[in-house]
Amino acid sequence: MGSTGASQKQWVMNAFAMSSPGHVAAGLWRHPQNRSQEYLNLGYWIDLARILEEGKFNGLFIADMLGIYDVYQGPGNINPVLPGAAQFPISDPFPAIAAMAAVTTSLAFGITSSTTYEHPFALARRFSTLDHLTRGRVGWNIVTSYLESAAKNFGLDTQVPHDTRYAKAEEYLNVTYKLWEGSWRDDAVVQDPKTKQYTVPGRVRRIDHEGEWFKSAGPHTVEPSPQRTPFIFQAGTSSAGKVFATKHAEAMFLPGMEPHVTRKAADSIRKLAVEIGRNPDSIKLLAGIIIIVDETDEKAQAKYEEYLSYADDDGTLALFGGWYGVDISQWGDDEDFRFAPGFPGAVQGMLEAWSSTVPGGKNIKWTKSRIARELALGGPHAKAIGSPETVADILQHWIDEANIDGFNISYAISPGNFQDIIKYLFPELRRRGVFWDDYAVPGGTARENYSADGKGPRVRADHPASRFRWRAGEEVPEYAKGEVDSVK
Ligand SMILES: Cc1cc2nc3c(=O)[nH]c(=O)nc-3n(C[C@H](O)[C@H](O)[C@H](O)COP(=O)(O)O)c2cc1C
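Note on numbering: residues in each chain are counted from 1, in written sequence order. Predicted model: local features are reported for residues with pLDDT of at least 70 only, side-chain atom pairs are reported and counted for 80 or more only, and whole-chain, interface and lining totals are derived from all residues. Note that the side-chain values use all heavy atoms of the structure and ignore hydrogens as well as water.

## What about the packing of helix H2 (residues 94–102) against helix H3 (residues 120–133)?
Axis separation between H2 and H3 bottoms out at 10 Å; the angle between their running directions is 15°. As far as their axial angle goes, H3 and H2 are roughly parallel. With respect to the hand of their crossing, H2 and H3 are arranged in left-handed fashion. Here H2 contributes Phe94, Ile97, Ala98 and Ala101 to the contact with H3, which in turn contributes Leu123, Arg126, Phe127, Leu130 and Leu133. Of the residues that constitute the contact of H2 with H3, the class distribution is eight nonpolar, no polar and one charged. To get an axis, a line is fitted to the C-alpha atoms, and for a helix only the part in contact is used. The angle between two axes follows their N-to-C directions and goes from 0 to 180 degrees. Only DSSP runs of H or I reaching four residues or more are called helices, and only runs of E reaching two or more are called strands; each is numbered from the N terminus. Each angle gets one of four labels, with under 35 degrees taken as roughly parallel, over 145 as roughly antiparallel, 65 to 115 as roughly perpendicular, and the rest as oblique. Two helices cross in a left-handed way if the nearer one is turned anticlockwise from the farther one by less than a right angle. They cross in a right-handed way if the turn is clockwise. Only heavy atoms enter the contact rule, under which two residues are in contact if any of them lie within 4.5 Å. Residue polarity is assigned by list, with Asp, Glu, Lys and Arg as charged and Ala, Val, Leu, Ile, Met, Phe, Trp, Tyr, Cys and Pro as nonpolar; anything else, Gly included, falls into the polar class.

## So, the UniProt feature "domain: Luciferase-like" (unreviewed entry) in the protein chain
UniProt positions are given in the numbering used here, feature names are shortened, and annotations may be inferred rather than shown by experiment. Summarizing the sequence annotation, UniProt attributes the feature "domain: Luciferase-like" (unreviewed entry) to residues 31–333 in the numbering used throughout. Between the end C-alpha atoms of residues 31–333 there is a gap of 27 Å, over a span that is 38% helix and 16% strand.

## Quick look at the pattern of salt bridges
Any Lys or Arg side-chain nitrogen located within 4 Å of an Asp or Glu carboxyl oxygen qualifies as a salt bridge. On inspection of all chains with the given rule, the structure shows 32 salt bridges. In this structure, the salt-bridge partner of arginine 35 is glutamate 38, at a minimum N-O distance of 3.0 Å. Accessibility expressed as a relative area gives 22% for arginine 35, which makes it partly exposed. Relative accessibility under 20% of the residue-type maximum defines a buried residue, over 50% an exposed one, and the middle range a partly exposed one, all with a 1.4 Å probe and only protein chains included. Overall, glutamate 38 belongs to the partly exposed group, its relative accessible area being 26%. When salt bridges with common partners are traced through the structure, they connect Glu181, Asp186, Arg228, Arg458 and Arg469 into a single cluster.

## Side note on the side chain of arginine 185
Tracing the chain through its elements places arginine 185 in the loop between helix H5 (162–182) and strand S5 (189–192). Taking relative accessible area as the criterion, arginine 185 reaches 11% and is therefore assigned buried. Identification of polar contacts relies on pairs of N or O atoms within 3.5 Å, with a donor-acceptor requirement for protein atoms, meaning one able to donate a hydrogen and the other able to accept it, and with residues adjacent in sequence counted only if both atoms are side-chain atoms. Looking at arginine 185, its side chain comes within polar contact range of the side chain of aspartate 187, at 2.7 Å. The contact partners of arginine 185, leaving out residues within four places of it in the chain, are Arg203, Trp470, Arg471, Ala472, Gly473, Glu474 and Glu475.

Take a look at the structure:
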């Protein structure tokens, strides 16, 4: 495959991680070059952030879970994830961001946080604080959470039903938007020794939110931060999830192991965006991918095989159980899951896709161990393995065929795989004119980094949060006049 050079848009390249020894590579914590098991050591995060910024990655995006994957060999069996550290243990992703911010100036930080278990006031406060400390470089990956174990950790007998979680998330966002955009007037803080005013009375107001799920009086306790509303990521794939994401996301992670599948999701998001009055270009669409790159195809393939030798099958199948809600241990070891009765259609579609992309894949049996092998590194995302030219061609194919804006890149070993990308791949992408030499706004905010449209750090006019904005000179924000009381 040659380089088409057809698309000269600048790609978004995001590093994908987790505050855990094993994100989407169970067992790889044992690899001698992996440092992700140092996730409780600030030195690891500081090094990682420095490396990513030096290479000009757009951002570091940290996934998070509030429970344990206990479907496999279960229900309720917590043991399969333990040896391979399959997203367990896992710690709070927030605190390390401040340390990383101290040693960088432009790298953005995406932090995953759930709308299902924490009061919006507490989260809004934490994000505002961090938006100050990072000088506007935080993003929020909004999730509604999908683990039964998480619900139980927060005292529920079972999960809030799927679509109800999104309804709750909708109100949750209204509360946070009111706090971030509508509680402090843009010119509230003057810090003027002459008038002896830090903040001008009358320019801070309560939000007095009373809804179906939440009550919050306000005012927001943190003064206005550079972005106010953090840059918003989302990854909903269900009908309710897609509507929610299209409304609120500024960047979205799309599903699909093959570009033509992702294309369908991308097209439907853009169509939906137009229908609800958003500019489809204001939502960056990113595909998940793992990239193993080296000087030659052979060297990269050898690296991939070597990583695989550390993979932990039980850990991987436990992750599978959490992602798809299916305990695969109930089927026989030799069973071909493409034909297994009672298996979810979505997973069988995925297996069909794999079987067509793996050489000879149509004729092999897609057994448990084969599924574990395919998911071992990178999980249910695409793979790009090869020389810089090969990987660049694969990515270009994704950009063109799926019509996306960039990638969320996971690793087998960290920071090694990111260093390889910087060393081998980025020079090739720059030769092709598809990846920047420097940040769009060096020292700028996450929104200026990802949007790169020269429109500054605040949410764009087509974003629902902008309706809550309290502008200088307004006695009260528009929404409080009753014209817009919620995002419909
Ligand atoms: C790249 C990517 C990252 C995700 N990260 C998380 C995460 O860190 N925590 C989480 O609870 N869910 C995460 N999800 C799950 C999504 O938020 C979402 O629940 C999932 O895609 C299913 O969509 P639905 O909620 O509309 O059914 C992620 C999904 C993708 C594709």
